[in-house]
Amino acid sequence: MTHKIQIKKRTRSQESSNSIERLYIAMRHLFSRGYYKPMGVSGETLRNSLLLLRPEIYGSIGGDQVELKGLVYVLDRLPEGIEECTFINLTADEGYRDSSFKVIIPKKRRRNCYRIDPHQMSIEVTRGRSEIYDILTHLTFLYIESHTIRQRVWLHKDNKMLHEWQLLEEIVLHNKKLTSQEREVLLVHLSSILGRSYIEVKEAHENFAEEENPDRFAQVVYWLGKLAIEEMLDEGQKRTIKFSLDLRDSIGHHIYGDIWATTIKKVLFENNLLERPIHIISANMHSVMNTLYARFALPKQAKSKDSLHLYHLLSDDSNEDLRKLVKEHAANNGLIYVKDTSGTNINVQIIDTEKIDLKDWEFDETQKHKPVLVVMDYAFGEQAYETMDELLKPYHKNDGSRVLMPIQSVSIMGKAGILDGDKGDIMIPTAHIFEGTADNYPFKNQLRRRDFADSDIPVIKGAMISVLGTSLQNKDILQFFHDSTWRVIGLEMEGAHYQKAIQSASRIRGNISKGVKVRYAYYASDNPLKTGSTLASGGLGTTGVKPTYTITQKILEQIFTQK
């Protein structure tokens, strides 16, 4: 009797996981090679894998219509003008800042970029492999959508362009100033070119509009389509991405992290703070400072209002004068600002709490010395390991001796995607699982759900996954991690990297105490399992103020009471 072998079909989550693996293998190969053409044979694996994966953040990538929300999300994270460039160079910090080239910083990514000439853009990569992956996946999306535009405007049968495209070209190339009525006509033409409704195109147009360039969206659409058409008509015109030799040599060697950490330790040493208990906090550059100083710096605003109202005031873009007063007060009362010059793009605040009035805080008076806070801005993906690993190493003085870092605790606060909740909810991780590997990091989190019982913010506790890139996640993979025995509650990009550095420094290398305390808490920036709630749907706005300051308050309470 023969038995038929049953071949089990792969699930959508398994196919998606395989696509992510292929993407990363392909990106590493192309990086080692030194260059590739995204829409040529060399970029085929990236394109096909991204189209199969269809990440939530990129919406309807590669469809018959141009994906507008994904386009807005991607171009907010790439340098302005990149849609016009045929050649993209990814470089290390190679001295462009000392040239006459104007630095271009993307709206929502801290990276220095330089327009070398009308056809060439250079992007400095100083934050490790995660930044390279981020840029390459965004560019792949951009180029796929550019060919969607090309397919919609190129009339193959007649071998000519769509009438609306010819009108768009005239407006863009002649930099025509439009009246309100002419702009409405333009939006109708763009609607036809993009395959989107008038209202969708109008919203995208408003998202891209700048005071000096109100019709930037039309320019973006034109140049994306134009370069795609040139690629179709002439093989030699294909867009090319190159990786400089310096970049390929520097990746993985902690060059920027070493310079960054040494600078911080030197400032601590010069201010006689290396003999005091040090608490590292990875957070933004405002919440810790405002929590400790705002009420004293702004007595009038704080007098009749609760703290949350004050923080909302400070978060309002129009209140730069109030933020300046807080910074000035902090600088005169124990805060040392260490602006990054290493290239990591991670600024630091060193706060000597001995110079702060802590009468309103419950403080453990048995502490021999008041703590020193080292507040570091957010790292990016794998960069979290590089920076934390270097920061926890001993400080080497000029005489050759070394000083162990007296680290008492490391607290990580940030934004993350939530899988069972809504924007603004709080997540308390019990472990970090590193996507695509067997690595997992269980730990004792000093922050617990009951610590937030006095707030009305929903709090969820459980394992979190550190993803290789938020731009590559789709519902199938996330649903699997949520529904399976992993029981993952959320996703972020740095937790596993931070914990790997902390555990190796405390449990293996002996650079810091084995008793170092760790605190992790995240507030939800999006829910990728909910339609309309992904990162591409927009930011948190003021929704993030309350969870940000609630987590900050709890971290500081535990530091001051030695919990």
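Residues numbered from 1 in each chain as written. Predicted model: local features only at pLDDT ≥ 70, side-chain atom pairs only at ≥ 80, totals over all residues. Heavy atoms only, no water.

Chemist: How should I be thinking about the environment of Ser250 in this particular structure?
Modeler: For Ser250, the position within the fold is in helix α9 (residues 245-250). Ser250 sits in the buried class, given a relative accessible area of 10%. Sequence separation between Ser250 and Glu390 is 140 residues; the distance between their C-alpha atoms is 16 Å. Beyond its immediate sequence surroundings of up to four residues, Ser250 is in contact with Ala92 and Ile255. Polar side-chain contacts of Ser250 include one of 3.1 Å to the backbone oxygen of Leu247. (Helix = DSSP H or I, 4+ residues; strand = E, 2+ residues; numbered from the N terminus. Buried < 20%, exposed > 50% of the residue type's maximum accessible area, 1.4 Å probe, protein only. Contact = heavy atoms within 4.5 Å. Polar contact = N/O pair within 3.5 Å; in protein donor to acceptor, adjacent residues only side chain to side chain.)

Chemist: Even after reading the chapter, I still don't get the environment of Tyr337, so can you show me in this structure?
Modeler: For Tyr337, the location among the structural elements is in strand β10 (residues 335-338). Judged by its relative accessible area of 44%, Tyr337 falls in the partly exposed class. For the pair Tyr337 and Gly515, spaced 178 residues apart in sequence, the C-alpha separation works out to 28 Å. For Tyr337, the contacting residues outside a window of four places in its chain are Met285, Asn347, Val348 and Gln349. Polar contacts involving the side chain of Tyr337 include one to the side chain of Asn347, which spans 3.2 Å.

Chemist: Looking at this model, I keep getting lost on the pattern of salt bridges. Mind explaining?
Modeler: Oppositely charged side chains are able to pair whenever their charged atoms sit close together. Using the criterion set out here, one finds 25 salt bridges in the structure. For Glu200, the salt bridge goes to Arg196, with nearest N and O atoms at 3.7 Å. Judged by its relative accessible area of 14%, Arg196 falls in the buried class. The residue Asp389 makes a salt bridge to Arg509 at a minimum N-O spacing of 2.8 Å. Residue Asp389 is found in helix α15 (residues 383-391), and its partner Arg509 is found in the loop between α17 (495-508) and β20 (517-526); the two are separated by 120 residues along the sequence. (Salt bridge = Lys/Arg side-chain N within 4 Å of Asp/Glu carboxyl O.)

Chemist: What exactly am I supposed to notice about the state of the cysteines here?
Modeler: Here a disulfide denotes one covalent bond, and it connects the sulfur atoms of two cysteines. By the definition in use, this model includes 0 disulfides. Lacking any disulfide linkage, Cys85 is separated from the closest cysteine sulfur, that of Cys113, by 10 Å. Cys85 sits in the buried class, given a relative accessible area of 0%. On the basis of relative accessible area, Cys113 is assigned to the buried category, the value being 0%. (Disulfide = S-S within 2.5 Å.)

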